[in-house]
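Each chain, letter by letter, is given below.
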Amino acid sequence: MSEVKISAESRTEFGKGAARRIRRDSKVPGVLYGHGSDPLHLTLPGHDLLLALRTPNVLISLDIDGKANELAIPKSVQRDPIKGYLEHVDLLLVKRGEKVTVEIPVHTEGELAAGGNLLEHVLNALPVEAEATHIPESVTVSIEGLEAGASILAKDITLPNGTTLAVEEDAVVLQVLAAQAEEAAEGGEAAGEEAVAEA
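The following refers to the structure shown. These figures come from a predicted structure and were not determined experimentally.

As for the sheet that holds strand 8 (residues 118-121)
In step 1: Judged by pairing direction, the sheet is antiparallel, and its three strands sit side by side in the order 8-13-11 without closing on themselves. Bordering the open sheet on either side are strand 8 and strand 11 (151-153), each of which pairs with just one other strand. With strand direction ignored, the average angle separating the axes of adjacent strands in the sheet is 15°.
In step 2: In this sheet, strand 13 (residues 172-177) lies alongside strand 8 in antiparallel orientation, the contact comprising four bridges. Bridged to E120 within strand 13 is Q175.

Right, here's the structure in full:
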């Protein structure tokens, strides 16, 4: 997993007015916390942060005021619901060799068995524990030939070395649903409603 270096400035101004001024300068307000230390309020470069956050659970090497160098992973990211720009970010302080619990995206490969079946992502992301500097970006699961009623459990997913599940082994991650049965049921209800309306 690659580290992304970002220069940050500590900030002493708080509140909505200060946050608006920071965002006007194409920067993002953030907070760095963890390891029992006092939360550190930061101002981060908006464009660099946006690029870094394209990688899930990205490891960020923070150069704070040109003095302190800290490692962090994004814990919470707030975006403007309409325009999508970054409003605020919470960063979790981590140390090399330390285990952290994160959620990694689940990708699929292959085709379901013929018959118009639907694949449901019960868990869009898989909770795992991994070393802070070796967090996997994602896991890939084969759904080749799966038929309706099939499901893939957390324990069925092969994880990279050093990564363990942080969820029950029997938790359902993916399941295959029969599409025709649902459509037939919906069609039957609609026909019944029409019959009632005619009566």
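Having seen the model, we can carry on.
Overview of the nonpolar core
In step 1: Membership of the largest hydrophobic core comes to 26 residues, with the highest contact counts inside it found for I73, L126 and I157.
In step 2: Listed by contribution, the elements that provide at least two residues to this core are strand 5 (68-79), strand 6 (86-94), strand 7 (99-109), strand 9 (125-131), strand 10 (139-142) and strand 13.
In step 3: No other element matches strand 7, which puts four residues into this core.
In step 4: The contact partners of L126, leaving out residues within four places of it in the chain, are V102, E103, I104, V106, V139, A154, I157, L159, L165, V167 and V173.
In step 5: Ranked by size, the runner-up nonpolar core spans 18 residues in total, among them I6, A8, L86 and L93.

What counts and how
- Residues numbered from 1 in each chain as written.
- Predicted model: local features only at pLDDT ≥ 70, side-chain atom pairs only at ≥ 80, totals over all residues.
- Heavy atoms only, no water.
- Pairing = 2+ DSSP bridges.
- Helix = DSSP H or I, 4+ residues; strand = E, 2+ residues; numbered from the N terminus.
- Axes fitted to C-alpha atoms, helices over the stretch in contact; angles between N-to-C directions.
- Core = buried A, V, L, I, M, F, W, Y, C linked by side-chain atoms within 4.5 Å.
- Buried < 20%, exposed > 50% of the residue type's maximum accessible area, 1.4 Å probe, protein only.
- Contact = heavy atoms within 4.5 Å.

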